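In case you want the letters, here they are:
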Amino acid sequence: MESVRIIRPSVTAAVASLLAFAALALSCGAYLSLALLSIGLLASYAFSARYENLGLTKWTLRIVVIGSLIFSFWVTATKDDNAFLDMRYGYSFALAAAGEIVLQFWRREPTGGARAPLIVLLSALVFLAGCTTFDDTYHYLWYLAPAYFLCLTLALPSFRHTTIPLRLMLVPALIALLLGGIGHAGVYVYRGDLNALGSKLLSGQHTTASIGMSGRPLLGSSFTLRDSLTRVLRVHYLGDDPYLRGMVFESYSERAWGPGLDQRTFGPYREKPTHPAAIVSTITVDRLDDSNGLLFAPLHCGGVQAAGSHFLEWAARTDGPLRTPPADADPLVYHITLGKGSSPHGVIDAAPSADERARDLVIPRDIDTRVVSKAKEIGSGSTTDAEKVEAVVRFLHGNNQYSLTTDPGRGDPISNFILEHKNAHCEYFASAAVILLRALNVPTRYASGYYAHESEGKGTTLVRQRDAHAWAEAWIDGTGWVTVDATPGNGRPDALAGAIPPWWRVWERLQDLLGTVRRWVTTSDWTQKAAVFSLLVLGLLIPQIYRYWLTRRQRHLGFRYSQPEAALAALALRFERLLSRLGQPCPEGRTWDEHLRLTEEFIEARRVPLKAFVSDYSEVRFGPLPSHSEIARLDTALHHLETSTKKETV
């Protein structure tokens, strides 16, 4: 039997794919995986072996190759906190496309013809993912992009069966390169203006951390995270306090609260010893978003312990926050012990020192002096600090209304909010409460975190980005720190939260599944990973092995279909020779129908109507005893095929 002719893609198509792999490797860092893919692509030109595009075979290879690429990428990939989008998902899709390109090069069927658009599309997607950066240091794109498009343009004619004049091939390519160069130059020259416009459209505030909390809150015109459904925490057995504080701020200047997160000095977190009798319950928190490492806990908690080997840091001189080091990006579960009453229990609600108390009483210079006078008026009938807190909250509820957007006006926004009866969001109410209470000689600080309210059932509470909230914490002698939420009830996250779309819940279930897999990948040792991966591959190969065994067994037993009569047998032999002349001989153990389906693109490209003959032959072969007229009709049809394909010899 004659050997099967291997039709390979053009060298320019291979070079274009390799350039796309190079761009992706430089962007996502998956150097080893893409280097192996490049070697695999080049090896398809050195070896003639090809895989059959049968059901189990093709899906087994795809699962093994693409699964290995994505698995190895997520083991080492980390999220870029400065990126607007999490590109780990985009890079995973691009790696899957790169793996599919290499598999297309190793398929037995020709790579050109009807499947050419798929290869072009996959190559373009890989290169596009490799170009997803606005960093000026990525100068390699200036060289890779023209080279890629040139090679891709030169490769396109090889996917057709008619010759395209060179001028018709290059003119559109040059026009596209010219338009692309003009567009790129425009974006490059005006990139500063475009970035400024994007920032203005996205938010009127400081850059906000992806967990829904700014490292230095700025009083702006809107509160941008109220509609975000991204999950942040899953809390088990929350208790009675829904306020999960992340950071507190004591200084105010030029519309911003400080000190910023990057201005704080962190050291090892050490809990104060707590008597077991003072512990009421324990809260377990699963941190679903680890963008900046903050831990969130109620004000009155005895201590926080991280599961596993996580190291915790605490900024002692600025009342926190509590966090994991920036280099620790692993999934985190931590436990919070709750104490009795509101008296100090641990580091978080510890009594302020003399210096801290003094800082929590400072009236910023930005504040209008009329605000201090207004505070004296508000608290004129109060004799205790607790009564002053109640008076301030009552005043703000009656003086201002909640609104997601506001006009800060000229000058200090807190002063304008109080004196001009402005409507605003929770950050303004919290800031006003801090300033008014300080004017009444009550040590107060600004706090930000989450208001937990969404129940998942079975003692579990889900916290989303839209639950971000701001409030005040006041120190009352004889009682301790108390939470002061001056925001009206219709402005709290529980009142503003809308229904979750069903499609979003389906997406969250998929995220949970991926999170479980990633958590196992990052916490299990390499022996377990290798064992599970080997079992998966073995499970995929077992059907292939069983199928191969059945084929060998049938051959060993000498199983054969019933033999046709001599005239039909001669026609079958001639048809087999015809397939060989076309360069696509039918392998032993494969039916003609199956073989034509697998070589459909190759056969149709030569416009040879083989399917009609196979259909007529099968009808005669497996029907009643054939007549002389039927045999003659088949002989005539086959002779016509043989005559029309004399030039298709190999």
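Counting restarts for each chain, with residues numbered from 1 along the sequence as it is written. Totals for whole chains, interfaces and linings use all residues, but because this is a predicted model, local features are given only for residues with pLDDT of at least 70 and pairs of side-chain atoms are given and counted only at 80 or more. Hydrogens and water are ignored here; the side-chain numbers use all heavy atoms of the structure.

### Topic: the overall build of the protein
Then comes step 1: Secondary structure follows DSSP: runs of H or I at least 4 residues long count as helices, runs of E at least 2 residues long count as strands, and numbering of each begins at the N terminus. Of the regular secondary structure elements, the protein holds 21 helices and 15 strands.
Then comes step 2: Here the protein holds 650 residues, and 44% of them are scored as buried. Throughout, exposure labels follow a simple rule: accessible area from a 1.4 Å probe, protein chains only, divided by the maximum for the residue type, with under 20% read as buried, over 50% as exposed, and the rest as partly exposed.

### Thoughts on helix H10 (residues 369–378)
Then comes step 1: All buried positions along H10 are accounted for by Val371, Ala375 and Ile378. Angular distribution of buried residues about the axis of H10 spans 60 degrees; they occupy a single face of the element. More than 90 degrees from the buried face of H10, the exposed residues found are Thr369, Arg370 and Glu377.
Then comes step 2: Note on definitions: a residue-residue contact is assigned when non-hydrogen atoms from the two residues lie within 4.5 Å. Turning to H10, the residues buried within the fold contact helix H11 (385–399), helix H12 (413–419) and helix H13 (426–439). The directions from the helix axis to the C-beta atoms form the arc being described.

### Brief notes about the sheet that holds strand E8 (residues 313–314)
Then comes step 1: In space, the three strands of this open sheet follow the order E5-E8-E9, with antiparallel pairing throughout. In this open sheet, the two strands that pair with only one neighbour each are strand E5 (267–268) and strand E9 (322–323).
Then comes step 2: Bridge analysis of E8 against E9 gives two bridges, and the strand direction is antiparallel. Bridge pairing links Trp314 to Leu322 in E9. The criterion for strand pairing is that DSSP finds at least two bridges linking the strands in question.

### Quick look at the sheet that holds strand E14 (residues 468–476)
Then comes step 1: Taken in spatial order, the four strands make up an open sheet running E2-E11-E14-E15, and their pairing is antiparallel. The open sheet terminates on both sides in strands that have one partner only, identified here as strand E2 (243–249) and strand E15 (480–484). The sheet shows a mean angle of 40 degrees between the axes of neighbouring strands, taken without regard to direction.
Then comes step 2: Taken together, the five bridges between E14 and E15 define a ladder with antiparallel strand orientation. Among the inter-strand pairings, Glu473 is bridged to a residue of E15, identified as Thr483.
Then comes step 3: In this fold H11 packs onto E14 and E15, with an angle of close to 150 degrees to the strand it touches most, E14. A fitted line through C-alpha atoms represents every axis, and for helices the fit uses only the stretch in contact; the resulting angles, taken between N-to-C directions, go from 0 to 180 degrees.

### A look at a nonpolar patch on the surface
Then comes step 1: The patches described consist of residues with a relative accessible area above 30% and no salt bridge, like charges being joined within 9 Å and nonpolar side chains (Val, Leu, Ile, Met, Phe, Trp, Tyr) within 5 Å. Here the open area of atoms and residues is found with the Shrake-Rupley method and a 1.4 Å probe, where only the protein chains shown may cover a residue. Any Lys or Arg side-chain nitrogen found within 4 Å of a carboxyl oxygen on Asp or Glu counts as a salt bridge. A cluster of nonpolar side chains, contributed by Tyr89, Trp507, Leu510, Leu513, Leu514 and Val517, occupies part of the molecular surface with about 540 Å² of accessible area.
Then comes step 2: Looking at the nonpolar patch element by element, the count peaks at five residues for helix H15 (residues 502–523).
Then comes step 3: Inspection of the secondary structure assignment puts Leu510 in helix H15.

### Digging into the nonpolar core
Then comes step 1: The set of buried Ala, Val, Leu, Ile, Met, Phe, Trp, Tyr and Cys residues whose side-chain atoms join them within 4.5 Å is what this entry labels a nonpolar core. Residues Leu233, Val304, Tyr334, Ile336, Leu396 and Leu436 are the most contacted members of the largest nonpolar core, which totals 75 residues.
Then comes step 2: Broken down by element, the residue count for this core peaks at eleven residues, all from H13.
Then comes step 3: Formed by 33 residues, the second largest nonpolar core is a distinct cluster that contains Ala30, Trp74, Ala94 and Cys151.

### Notes on the packing of helix H1 (residues 11–28) against helix H4 (residues 87–105)
Then comes step 1: The geometry of H1 relative to H4 is characterised by a closest axis approach of 11 Å and an angle of 155 degrees between their N-to-C directions. Taken together, the axis directions place H1 and H4 in an arrangement best described as roughly antiparallel. Note that H1 runs across H4; the crossing there is left-handed. Residue-level inspection shows Ala13, Ala14, Ser17, Phe21, Leu24, Ser27 and Cys28 of H1 in contact with H4, the latter providing Tyr91, Ala94, Leu95, Ala98, Ile101, Val102 and Phe105.
Then comes step 2: Its residues placed into classes, the contact of H1 with H4 shows twelve nonpolar, two polar and no charged. Between 65 and 115 degrees an angle is taken as roughly perpendicular, under 35 as roughly parallel, over 145 as roughly antiparallel, and anywhere else as oblique. The hand of a helix crossing depends on one turn: near helix anticlockwise from the far one by less than a right angle means left-handed, and clockwise means right-handed. Basically, the charged four are Asp, Glu, Lys and Arg, the nonpolar ten are Ala, Val, Leu, Ile, Met, Phe, Trp, Tyr, Cys and Pro, and anything else, Gly included, counts as polar.

### Quick notes on the pairing of E14
If a strand is regular, its side chains alternate between the two faces of the sheet.
Then comes step 1: Counting buried positions along E14 gives nine out of nine residues, so the element sits mostly inside the fold.
Then comes step 2: Neither face of E14 is open: one carries Ala468, Ala470, Ala472, Ala474 and Ile476, the other His469, Trp471, Glu473 and Trp475, and all of them are buried.
Then comes step 3: As defined by bridge partners, strand E11 (residues 444–451) adjoins E14 across seven bridges and the pair is classed as antiparallel. The residue of E14 that forms the bridge with Tyr446 is Ala472.

### Thoughts on the confidence of the model for the protein
Then comes step 1: Residue-level confidence of the predictor, termed pLDDT, takes values from 0 up to 100. When pLDDT is averaged across the protein, the result is 79; 76% of the residues are at 70 or more.
Then comes step 2: Counting interchain partners and residues more than four positions distant, the pLDDT-below-50 stretch residues 202–212 has 36 contacts.

### What to know about the pattern of salt bridges
Then comes step 1: Per the counting criterion, the structure on display carries 22 salt bridges.
Then comes step 2: The residue Arg245 makes a salt bridge to Glu473 at a minimum N-O spacing of 2.7 Å. Taken together, the residues Arg245 in strand E2 and Glu473 in strand E14 connect sequence positions 228 residues apart. You'll find Arg245 and Glu473 in the same group, each marked buried.
Then comes step 3: With its nearest N and O atoms 3.0 Å apart, the salt bridge here joins Asp319 to Arg445. With Asp319 in the loop between E8 and E9 and Arg445 in strand E11, this residue pair connects regions lying 126 residues apart in the sequence. Residues Asp319 and Arg445 agree in their burial class; the two are buried.
Then comes step 4: The network of salt bridges with shared partners includes Arg231, Arg234, Glu454, Glu456, Arg464, Arg466, Glu508 and Asp512.

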